[in-house]
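# Breakdown of the fold
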Amino acid sequence: MANKLINQMSLPKSIANIFTARNIITAKDALSLTEFELMELLDVGMAEVASAMAHISEVVCPPCQTALLLMEQRVRNENMAGHLPTRLKGLDEALCGGIPFGVLTELVGPPGIGKTQFCLKLSLLASLPANFGGLDGRVIYIDVESKFSSKRLIEIGTKSFPEIFHKKGMAQEMAGRILILRPTSLSEFAESLHRIKVSLLQQQVKLLIIDSMAALVLGEHDCGASRQQAMGWHVSFIKSLAEFSRIPIVLTNQVRSQMGDESLMYSFQAAQSRPTKEDVPDTFDSHLVAALGINWAHAVTIRLVLESKSGQRFIKLAKSPISPPLAFPFNITSSGIVLLDDNGIEMKGPEINNIHCQGPNALLNF
């Protein structure tokens, strides 16, 4: 709006001609000067200048909006942008529909906790026909650690959607909609991203999964400074892909050993959820944090933490601009991840960002 032409703003012709004669062409040109400077430059009275500036400001500045109008606009935008439902009722309700389009959603947790299982189920849901609640599109799955299993994909599909997968040829058709890429370096990954940008529109791609981003970055960069530099371009490009294509992009992240009170840095929730002196225990029974660090954490819009604690697995909604910090107990079955409670457990303080893991992998350090 700042570049809107002054002669298109319905100003009185006399004053508009004076603006043009003094080479003040756009609203930006006019608004970058004070009223006294304009009065001197245009050689007109203060009343005329003030009236013209008020009119220009009214045209180019956004009007005030009520909270109700903003809410209605958001609902309309969400309907246009959409979500990919996870079919996990409680999680979908907390996320106002599922994995949102146009932003980055991260799954972080220790090895074997269920991140790839989650990604496989999302791949099926994106490729399902629309009349079965899917997005009826293709999926690009960047399988960095070679964990993608076609056999497991078909098993999840058969158990979750028997009415589709028991039809002749449907299993092959659904699997054929998922394109697997396996880059072995960051340079190959960058080349893949450029090819993907073209494919997103040409091949009706409805979901991009990167499993895992941490494996690529940590495999090539041991130093924190060089690691952050390497991630800078990639995360910017991936975010631009999400905004350009308006599809959900899901990335997985590994974990590493926590150093000191590092977990306290991940306070994404509202102020009342941030740790106070009374909330913070002397020691944590969790020794893990997300491997890619705090800068990466701020780049993602949604963070789901998968952990194991007291003999139970949990999905924690650790970061979201619209959702409370909730934890959902889950199991992994032949049909994929299944929530044991759709209500969720509201969490306060630093616990929402802690990552627990039981067993021999609890002190992994990359």
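Residues numbered from 1 in each chain as written. Predicted model: local features only at pLDDT ≥ 70, side-chain atom pairs only at ≥ 80, totals over all residues. Heavy atoms only, no water.

Before going further, it helps to examine the overall build of the protein. Along the protein, the regular secondary structure elements total 14 helices and 14 strands. Taken across its 366 residues, the protein has 49% of its residues classed as buried. Counting only contacts in the protein whose residues sit at least 6 apart along the sequence, the fraction spanning at least 24 positions is 69%. Per element, the accessible surface of the protein, about 17800 Å² overall, is 53% carbon and sulfur. (Helix = DSSP H or I, 4+ residues; strand = E, 2+ residues; numbered from the N terminus. Buried < 20%, exposed > 50% of the residue type's maximum accessible area, 1.4 Å probe, protein only. Contact = heavy atoms within 4.5 Å. Areas by Shrake-Rupley, 256 points an atom, 1.4 Å probe, with all protein chains shown as cover.)

Moving on to the packing of aromatic side chains. With the rule as written, the count across this model stands at one aromatic pair. Between the aromatic rings of Tyr 141 and Phe 148, the centroid separation amounts to 4.9 Å while the plane-to-plane angle is 70°, which identifies the pairing as edge-to-face. One exposure class covers both Tyr 141 and Phe 148, and it is buried. The ring centre of Phe 244 lies 5.4 Å from the NZ or CZ of Lys 197, which sits over that ring. (Phe/Tyr/Trp six-rings, centres within 6.5 Å; stacked < 30°, edge-to-face > 60°. Lys NZ or Arg CZ within 6 Å of the ring centre and 35° of its normal.)

Quick look at the environment of Ala 190 now. Tracing the backbone shows Ala 190 in helix H11 (residues 186–202). On the accessibility criterion, Ala 190 (15% relative accessible area) is buried. Through-space distance from the C-alpha of Ala 190 to that of Trp 233 is 9.4 Å; in sequence the pair is 43 residues apart. Ignoring sequence-local partners within four residues, the contact set of Ala 190 consists of Trp 233 and His 234.

One can find Lys 316 in strand E11 (residues 312–319). At 2.5 Å, the side chain of Lys 316 forms a polar contact with the backbone oxygen of Asn 354. (Polar contact = N/O pair within 3.5 Å; in protein donor to acceptor, adjacent residues only side chain to side chain.)

Formed by 43 residues in total, the largest nonpolar core has its most connected members in Leu 84, Phe 118, Leu 122, Leu 304 and Ile 315. Here Phe 118 is in contact with Thr 86, Leu 88, Leu 91, Leu 107, Leu 304, Ile 315 and Ile 337, once residues within four sequence places are set aside. Core analysis: the next-biggest nonpolar cluster, separate from the first, contains 32 residues, Ile 142, Leu 193, Leu 251 and Ala 291 among them. (Core = buried A, V, L, I, M, F, W, Y, C linked by side-chain atoms within 4.5 Å.)

Below, the discussion takes up the confidence of the model for the protein. Per-chain confidence: the protein averages 82 in pLDDT, with 82% of residues scoring 70 or above. In the predicted structure, residues 360–366 sits below a pLDDT of 50 and forms 16 contacts with residues beyond four places in sequence or in another chain. (pLDDT = per-residue confidence, 0-100.)

Turning our attention to the pattern of salt bridges. Applying the stated criterion across every chain yields a total of eight salt bridges. A salt bridge links Arg 177 to Glu 173; the nearest nitrogen and oxygen atoms lie 3.1 Å apart. Glu 173 sits in the partly exposed class, given a relative accessible area of 38%. Its salt-bridge partner being Glu 351, residue Lys 309 comes within 3.2 Å of it at the nearest N-O pair. One end of the pair, Lys 309, is in strand E10 (residues 302–309); the other, Glu 351, is in the segment after strand E14 (345–346), and 42 residues separate them in sequence. Take Lys 309: its relative accessible area is 27%, and that puts it in the partly exposed class. Taken together, the shared-partner salt bridges in this structure form one network comprising Asp 136, Glu 173 and Arg 177. (Salt bridge = Lys/Arg side-chain N within 4 Å of Asp/Glu carboxyl O.)

So, on to helix H8 (residues 150–160). Listed in full, the buried residues belonging to H8 are Arg 152, Leu 153, Ile 156 and Gly 157. Buried residues in H8, looked at end-on, bunch into an arc of 135°, giving them a common side. Exposed and facing more than 90 degrees away from the buried side of H8 are Lys 151 and Lys 159. Of the surrounding elements, those touching the buried residues of H8 are helix H7 (115–127), helix H9 (162–165), helix H10 (170–176), strand E5 (178–181), strand E12 (326–333) and strand E13 (336–339). (Arc of directions from axis to C-beta.)

Attention shifts here to the environment of Met 46. Among the secondary structure elements, Met 46 is positioned in helix H4 (residues 46–60). Each C-alpha atom, one on Met 46 and one on Glu 35, is 7.4 Å from the other, the two residues being eleven residues apart in sequence. With residues near it in sequence (within four places) discarded, Met 46 still touches Glu 35, Phe 36 and Met 39.

Of all six residues in strand E4 (residues 138–143), five are buried, a share of seventy percent or more. In the sheet, E4 pairs with strand E6 (residues 205–211) via six bridges, with the strands oriented parallel. Across the sheet, Arg 138 pairs through a bridge with Val 205, a residue of E6. Bridging between E4 and E5 involves four bridges; their strand directions are parallel. Along E5, the bridge assignment pairs Tyr 141 with Ile 180. (Pairing = 2+ DSSP bridges.)

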